[in-house]
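Structural description and commentary
Spelled out from the first residue to the last, the chains are:
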Amino acid sequence: MSDEEHHFESKADAGASKTYPQQAGTIRKNGHIVIKNRPCKVVEVSTSKTGKHGHAKCHFVGIDIFTGKKLEDIVPSSHNCDVPHVNRTDYQLIDISEDGFVSLLTESGGTKDDLKLPSDESLLSQIKDGFGEGKDLIVSVMSAMGEEQICGLKDIGPK
Amino acid sequence: MSESKQDDIVMASVHSTVFKESESLDGTCLQIKGYDFNNGVNYQQLLNSMLTTGFQASNLADAINVVNQMLDWRLVDEPVTEDCADEERDLDYRKSVKCKVFLGFTSNLISSGVRDVVRYLCQHHMVDVIVTTTGGIEEDLIKCLAPTYKGDFSLPGAHLRSKGLNRIGNLLVPNDNYCKFEDWIIPIFDQMLREQNNENVLWTPSKLIARLGKEINDESSYLYWAYKNNIPVFCPGLTDGSLGDMLYFHSFHNPGLIVDIVRDIRAVNGEAVHANPRKTGIIILGGGLPKHHICNANMMRNGADYAVFINTAQEFDGSDSGARPDEAVSWGKIRGSAKTVKVHCDATIAFPLLVAETFASKTKRHH
């Protein structure tokens, strides 16, 4: 495209698609799949061969990677499913605001302030306690299909 | 007493025991006489001879007789009841009122060539209500997409599975046929779901089946003719077959389609309850759901007036499938005064012969 192209999207998106197609029959356990527009981790796959029910089909059970909800789907094994691009990025935790937002240090030296604290109770208390004790914390942020969430925590050493 | 005199008395007593005088049957019972092939191969005479051949041949001939009575009955044959409506007193009206015929059959018969006999009955609107199981629906539709083949009862299951062939008795249906069915039916379910959501259409099994009959649009299908002639086809167990598998998958890929079985029980029972002043006749091939569902509907009008069962089930296990018409009388599903016959025979043999001597003969006379 031309040089005058304006980049409105943030660096993370850069025009890349959020999902890619993959034949249902090739998706395995522990992979990822989109069910009802939600990015999910595949916890169970079973295939029923061609028969009285028609074409061979794959039965997927997935866990929504953000909400933890169980979702299922049945797809003909020759059809394409959407597989989400799932990224994990580590950021250093700078601050926690009063209304539950976190301030993170980006690679470029700026701050990322649009993420809320996670809802998972054990992770939440680990972050709050660790931060309160003045520890240096690195949070892992999982992103998929335009959604982001803190999914993990690392303690990089005493202050 | 002399020895010879004693012997005579004993002999006389034994003689009267062994040679008990019998009641004469001449005049009350038919004499048994089979077909004489010296008269050549005359199929009509051969069928006529069944009445006096005995066992199930006689039962089949009796069944033919009952069905003909069912088809010949008119309201004009009954005395005018005191409380009947004015319209019912009119002679021409009374001559036009016929018996309402319920036809029930199991799925395997639609996999067989009996499907084409059923199609004939629907094509000429010779039956009024049909009840069947799910295979009785899909096998008819699938035959319009791809054929069923003759195989053998003894073909080994694992071998057939590896070849993608499904066995129904000595018939074979390739998996591919069901794939074609899936490709055909899923878009129709999508459309039905749209109509449910946008036009408030309330689907029931019989409505869904009528729609499929419309969509198949093929004169070889009995469901097509049932749709054209407004013959309702009831299948309360609609989910128990390939059609049910399709509904199951459709609920994942495009959820929300609702099929109301309560509405259909109103409809099928209504067919019996509101039949009056018509009499009702039931013809049931096989057992299971179709047999019971039709009998139960007729219970709502205190019983059918004519009943013919053709099946191979036996009553010793107490099953409803094997129960004779007399058991249904005890429930009020068939009237005590009804004309009934059970033919213990595979319907693939008995039913085409029965239709030849009843429904099909009547159209011949009209031509």
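Looking up chain B in an unreviewed UniProt entry gives the name Deoxyhypusine synthase isoform X1, with the organism given as Cicer arietinum. UniProt lists a comment for chain B under the heading Cofactor (unreviewed entry), and it reads "NAD(+)".

Per an unreviewed UniProt entry, chain A carries the name Eukaryotic translation initiation factor 5A and comes from Cicer arietinum. In the Sequence similarities (unreviewed entry) part of its UniProt record, chain A is described as follows: "Belongs to the eIF-5A family."

All names here are of chain B. In terms of strand pairing, strand β4 (residues 165-168) meets strand β5 (residues 171-174) through four bridges, oriented antiparallel. Its bridge partner being in β5, Leu165 is matched across the sheet by Pro174. The loop that links β4 with its antiparallel partner β5 comprises two residues; one of these, Gly169, has a positive phi angle of about 65°.

Moving on, we come to the UniProt feature "domain: Translation initiation factor 5A C-terminal" (unreviewed entry) in chain A. In the numbering used here, UniProt assigns the feature "domain: Translation initiation factor 5A C-terminal" (unreviewed entry) to residues 85-154 of chain A. End C-alpha atoms of residues 85-154 of chain A are separated by 23 Å, and the span's content is 17% helix alongside 53% strand.

Turning our eyes to something else, we now look at unusual backbone geometry. All names here are of chain B. Omega for the bond connecting Asn276 with Pro277 falls within 30 degrees of zero, at 5°, which places this linkage in the cis form. For Asn230, which is not glycine, the phi torsion reads 55° and is therefore positive. Examined against the element boundaries, Asn230 turns out to sit in the loop between α11 (222-228) and β6 (233-234). Under the relative-accessibility criterion, Asn230 is labelled exposed at 67%.

The next subject is the interface of chain B and chain A. Contacts between the two partners involve 14 residues from chain B, matched on the other side by 13 residues from chain A. In total, chain B and chain A occlude about 1200 Å² of area from one another, counting both sides; carbon and sulfur atoms represent 61% of this. Across the chain B-chain A interface, the total number found is one salt bridge. Between B:Glu182 and A:Lys57 there is a salt bridge, with the nearest N and O atoms lying 2.9 Å from each other. On inspection of chain B and its partner chain A, the count reaches six residue pairs in polar contact (both at pLDDT 80 or more). The element best represented in the side of chain B that touches chain A is helix α12 (residues 242-253) of chain B, accounting for six residues. Grouping the constituent residues of the side of chain B that touches chain A by class yields six nonpolar, three polar and five charged.

With that out of the way, let us pick up the pattern of salt bridges. Counted under the stated rule, the structure contains 23 salt bridges over all chains. A:Asp155 is the salt-bridge partner of A:Lys135, the closest N and O atoms lying 3.7 Å from each other. Taken together, the positions of A:Lys135 in the loop between α1 (121-132) and β10 (137-144) and A:Asp155 in strand β11 (residues 147-155) put the pair 20 residues apart, joining distant regions of the chain. Salt-bridge contacts for B:Asp176 lead to B:Lys180; the nearest nitrogen and oxygen are separated by 3.0 Å. Linking B:Asp176 with B:Lys180, this pair stays in helix α9 (residues 175-199), spanning four residues, or about one helical turn. You can call B:Asp176 partly exposed: its relative accessible area is 43%. Sharing partners across several salt bridges, the network here consists of A:Arg38, A:Asp64 and A:Glu147.

What follows concerns the pairing of β5(B). Residue and element names in this part refer to chain B. Burial along β5 is two-sided: the residues Leu171 and Val173 and Leu172 and Pro174 are all buried. Relative to β5, strand β3 (residues 149-150) is paired through two bridges, and the arrangement is antiparallel. When the sheet's bridge partners are listed, Lys150 is paired in β5 with Leu171.

Another aspect to go through is the packing of aromatic side chains. Tallying each qualifying case throughout the model produces six aromatic pairs over all chains. Summarising the aromatic geometry, the rings of B:Tyr35 and B:Phe37 are spaced 4.8 Å apart at their centres and angled 85° between planes, so their arrangement reads as edge-to-face. For the pair B:Tyr248 and B:Phe252, a centre-to-centre distance of 5.3 Å together with 85° between the ring planes defines the contact as edge-to-face. Here the residue B:Tyr248 and the residue B:Phe252 both occupy positions in helix α12, the gap between them amounting to four residues, near one helical turn. Among the aromatic residues, those joined into a cluster by ring pairs are B:Tyr248, B:Phe249 and B:Phe252. Between A:Lys57 and the ring centre of B:Phe249, over which it is positioned, the NZ or CZ distance is 4.1 Å. Between the NZ or CZ atom of B:Lys333 and the centre of the ring of B:Trp331, over which it lies, the distance is 4.4 Å.

Turning our eyes to something else, we now look at the packing of helix α3 (residues 55-72) of chain B against helix α16 (residues 347-357) of chain B. Residues and elements named next belong to chain B. Contact geometry for α3 and α16: axes closest at 9 Å, N-to-C directions at 45°. In this view, α3 runs oblique relative to α16, as classed from their interaxial angle. The chirality of how α3 crosses α16 is right-handed. Side by side, α3 and α16 meet where Leu60, Ala63, Ile64, Val67 and Asn68 of the first sit next to Ala350, Leu353, Leu354 and Glu357 of the second. The residue makeup of the contact of α3 with α16, split by class, is seven nonpolar, one polar and one charged.

Rules of the game
- Residues numbered from 1 in each chain as written.
- Chains lettered and ligands numbered in written order.
- Predicted model: local features only at pLDDT ≥ 70, side-chain atom pairs only at ≥ 80, totals over all residues.
- Heavy atoms only, no water.
- UniProt positions renumbered as here; feature names shortened; annotations may be inferred.
- Pairing = 2+ DSSP bridges.
- Helix = DSSP H or I, 4+ residues; strand = E, 2+ residues; numbered from the N terminus.
- Buried < 20%, exposed > 50% of the residue type's maximum accessible area, 1.4 Å probe, protein only.
- Contact = heavy atoms within 4.5 Å.
- Buried area = accessible area lost by both parts, 1.4 Å probe.
- Salt bridge = Lys/Arg side-chain N within 4 Å of Asp/Glu carboxyl O.
- Polar contact = N/O pair within 3.5 Å; in protein donor to acceptor, adjacent residues only side chain to side chain.
- Nonpolar A, V, L, I, M, F, W, Y, C, P; charged D, E, K, R; others polar.
- Phe/Tyr/Trp six-rings, centres within 6.5 Å; stacked < 30°, edge-to-face > 60°.
- Lys NZ or Arg CZ within 6 Å of the ring centre and 35° of its normal.
- Axes fitted to C-alpha atoms, helices over the stretch in contact; angles between N-to-C directions.
- Parallel < 35°, antiparallel > 145°, perpendicular 65-115°, else oblique.
- Left-handed = near helix turned anticlockwise from the far one by under 90°.

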